[in-house]
Every structure is written in C-alpha cells, then in structure tokens.
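Each chain, written out:
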Amino acid sequence: MATDIKDTAHAVGAAAVMRLLPARPRILALGEPTHGEDTLLDLRNALFRQLVEEEGYRTIAIESDCLRGLVVDDHVTSGTGTLDEVMERGLSHGWGASAANRELVRWMRAHNDGRPASEQLRFAGVDGPLEITGAASPRQALTALHGYLAARVDADLLPCTAETLDRLLGTDDLWTDPAAMRDPARSVGQSAEAARLRLLADDLVALLDAQTPQLSTARPRDEWDRARLYGRTATGLLRYHHWMADASPARLTRLVGVRDQMMAHNLLALAERGPVLVHAHNSHLQREKSTMRMGGAPLEWWGAGALVNAALGQEYAFVATALGTIRHQGVGTPPPDTLEGLLYALPEDACVVDAPRLAAALGDTRPAPRVSPWFGYAPFDPAHLADSDGIVFVRDVPQI
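I will try to describe carefully the structure that is included in this document. (Residues numbered from 1 in each chain as written. Predicted model: local features only at pLDDT ≥ 70, side-chain atom pairs only at ≥ 80, totals over all residues. Heavy atoms only, no water.)

## Brief notes about the packing of helix α8 (residues 162–169) against helix α10 (residues 192–210)
Between two packed helices, the angle of one axis relative to the other and the distance separating the axes together describe the packing. Here α8 crosses α10 at 145°, and the two axes come no closer than 9 Å. Viewed along their axes, α8 and α10 form a crossing whose handedness is left-handed. Across from Leu165, Leu168 and Leu169 in α8, the residues of α10 making contact are Glu193, Arg196, Leu197 and Leu200. (Axes fitted to C-alpha atoms, helices over the stretch in contact; angles between N-to-C directions. Helix = DSSP H or I, 4+ residues; strand = E, 2+ residues; numbered from the N terminus. Left-handed = near helix turned anticlockwise from the far one by under 90°. Contact = heavy atoms within 4.5 Å.)

This is the structure:
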C-alpha cells in the first residue's frame, strides 16, 4: 500500500496540479486547513506565479473583504497608494500583517508595471465585509451603487434619492454593534428601516440589470463590474443583518450560509473574465456540505465551493491542503492510521497527491479521522477523499 500511496504524490507545481484535471478550470480552488501560516501562503504564492506563467491565469482571489480588496486591485493595476497603506486598508481579518500577503501584492504590482490592462494581474477579495464579531454597515455598497446609477440613468428611474438612503441607514455603529452577534435583539437587521433598505437595494440591482446593454459596453468595463459587486454586497449584507436579528434555532446556520452565498456569487462573477485561483479555508471550498460547531451547536450548510461546483461542474476544481505538524500550536506528528499520518510517511516536505487515485488505492479501507488538539486547525476528512481533485500535503508548518 505504501508504494501505491507514493505513486500518487508529486512535487507541488502548476503542471502537477493541472495533470490531475481534465482541462484548465475557470476556478481553481486551493484550500487551507488553518489560517495565518505564511508557509502555506508562500506555497500559494509560488503556485500562482506558475499558473500565471504557464497556464494564463490572471486573477487571484482570497478569503478577505471584497470591498476592501478593491484597494489592493487598484494598487496592483495602477499603483494607487503605497504598499504600506494598501496592506493596512485593503485586507480584512488581519491578513495585511502577513509577510506572504505583502510579498504577493508587491510581486503583482511589479509584474503589472508597464503592461497593458489586458495582460495585468488582478486581485480580489471574495468574502463579504464580515468579521467574526459582526458585519459592516451596508452604507458603502448601497451608496456606491446608487451613485453609479445616478450618474448614468434617468433620475426618474431611481427608486430613491441619496438623501433617503442616508436617512434610512442612520449611523453606521447601529449596524456594527458587536453585541448583535450574540444577542439578536441588539441587531437592527429587521427594523422597518432595514426592511425598506432591502427593497430599495433590490430595486437598485434590478435597475442595474435592466440597463446592462448600455452599461456593460461602456468603458472602462471595470466600473460596471464594480457596480455589480456593490449590488451583490448590499443585498447580501442586508440579508445577513436580517438573520442576525433572528432569534430562531436556524439563526447561525442562516448566517454561515449567507456568507458562503456571497463568496460563491463573487467567485462566479470573477470567473466571467478568465481563470481564477481562489485561496480560502478548505471548509469554504470543498464540494461536500460544510460542518462546524458554533456556540455549542452543530451547523451544516453548503459552502461556496459546493455552490460554484453546482454551477460550473468540471470548470470548478478543488485541491485541499492537509498538513502534518504545527508544533507551535500544539499539533504534533499525526497518528499513522490517519490520512495525514499516511502522507507524513512520504519523504517530501511538500507534495501534491492525486486524491481519487489515492482513494482507489486505499479501497474500502479509509484512514481514521484525525482529531486536532487545537481549534484553529481542521484535519482533512478522509470521507471526502474521492470528492477532491487533489491534496497538497505540507509535512511541517514551522513558526515564522
């Protein structure tokens, strides 16, 4: 069996990943089992460079705020802002402090310098403007969408004025109260004003769609793409806030589901302009239902990868990352009867594994699920082996 497993593993690289797939996918999803480890982000960066050079990829998307990501995209395409400013303002979840993320943005800017727009690399965040403790105000997305339309269509077609939006939105701290994540009664998401804003957001998006023949052909097209992003984000945020105010047992399941829907819609929009490498947690990108415990309750929902896979079929590919040790977080050598333990016995520091072939080699015998001693790391579920296109295995993740 060890020989069979060894035969499924190859050095990590774009060519090795592409050999696992029937054709170049529109979305290549690279998952990770933990956040905040630059070793995994360095590997992502190297793979993206190879995909750019060898496979014609032009866009990378990461699990970060989609609106803040526009700051990074402006920098890498036109040099707007300093690198320090962009790393502080353009990434959410604290990702801007990562040396590997900084190097990615620096390299993309250097690569784009002097190239025509058609050859430039693009950056995107695919997450909503959401943090663990809550969600942003819908103000930025709503007012940007309204402003875009107000400058381009007959004023009589607009469902409201900018002043009406401002009045209904109120102060942003009403929307961003962190206590609302724990206490639905603190959320304004089901207030009369929020209900009115949901209707207006829907009308604004419908107007944007109705004007597609005119707006989509105007140059630069990026402005229309961004308006669509504002529309998706406004409606998604208002839906998220609505369910934050819900006191039913389904509240948390609704919230995690809405978040992944927002991610899926952003990914599908990005795929319209060419192949995309997306990097996020395995649980967001896998084809199977996602599961987790939150507030002591088990949750199940369809993640972004499952939703995109349902839309794109073979044009979506998912490569999970699994790892051996994160010793600085208390994750030691994996037990030999787990999937990570079997892969840990391989000699390579990192390799890409043909997951379906490995599943076939294992036959009916599946490795035992690994149990993580640290909440921040999610081991690979061996039951999902055949449903992944590949696995990138990293033997040891050192503290950097």
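## Details of helix α12 (residues 221–244)
A rise of 1.5 Å per residue sets the reference length of α12, with its 24 residues, at 34 Å; its end C-alpha atoms lie 35 Å apart and thus fit the reference within 8%. When you tally the buried positions in α12, you get 18 out of 24 residues, the bulk of the element. (Expected span 1.5 Å × (residues − 1). Buried < 20%, exposed > 50% of the residue type's maximum accessible area, 1.4 Å probe, protein only.)

## Description of the packing of α12 against helix α13 (residues 251–271)
At a closest axis distance of 9 Å, the pairing of α12 and α13 adopts a crossing angle of 175°. The angle between the axes of α12 and α13 places the two elements in the roughly antiparallel class. Along its contact with α12, which presents Leu229, Arg232, Thr233, Gly236, Leu237, Arg239, Tyr240, Trp243 and Met244, the element α13 presents Arg251, Arg254, Leu255, Val258, Arg259, Met262, His265, Asn266 and Ala269. Broken down by class, the residue content of the contact of α12 with α13 amounts to 9 nonpolar, 4 polar and 5 charged. (Parallel < 35°, antiparallel > 145°, perpendicular 65-115°, else oblique. Nonpolar A, V, L, I, M, F, W, Y, C, P; charged D, E, K, R; others polar.)

## Some details on the nonpolar core
Counting 43 residues, the largest nonpolar core has Leu28, Phe48, Leu51, Ile60, Met108 and Phe123 as the members making the most contacts within it. Considering every element that reaches this core, the biggest residue donor is helix α3 (residues 38–55), with 6 residues. Contacts of Phe48, omitting those with residues within four sequence positions, involve Arg58, Thr59, Ile60, Leu104, Trp107, Met108, Leu121 and Leu277. If you look at the next biggest cluster of nonpolar residues, it comprises 37 residues, including Ala9, Leu270, Ala304 and Leu312. (Core = buried A, V, L, I, M, F, W, Y, C linked by side-chain atoms within 4.5 Å.)

## Let's talk about unusual backbone geometry
Here the amide bond leading from Arg219 into Pro220 is cis, since omega sits at 0°, within 30 degrees of zero. On the secondary structure map, Pro220 appears in the loop between α11 (212–215) and α12. A positive phi angle is found at His93, which is not glycine, with a value near 60°. With respect to the helices and strands, His93 occurs in the loop between α5 (83–89) and α6 (99–112). Accessibility expressed as a relative area gives 22% for His93, which makes it partly exposed.

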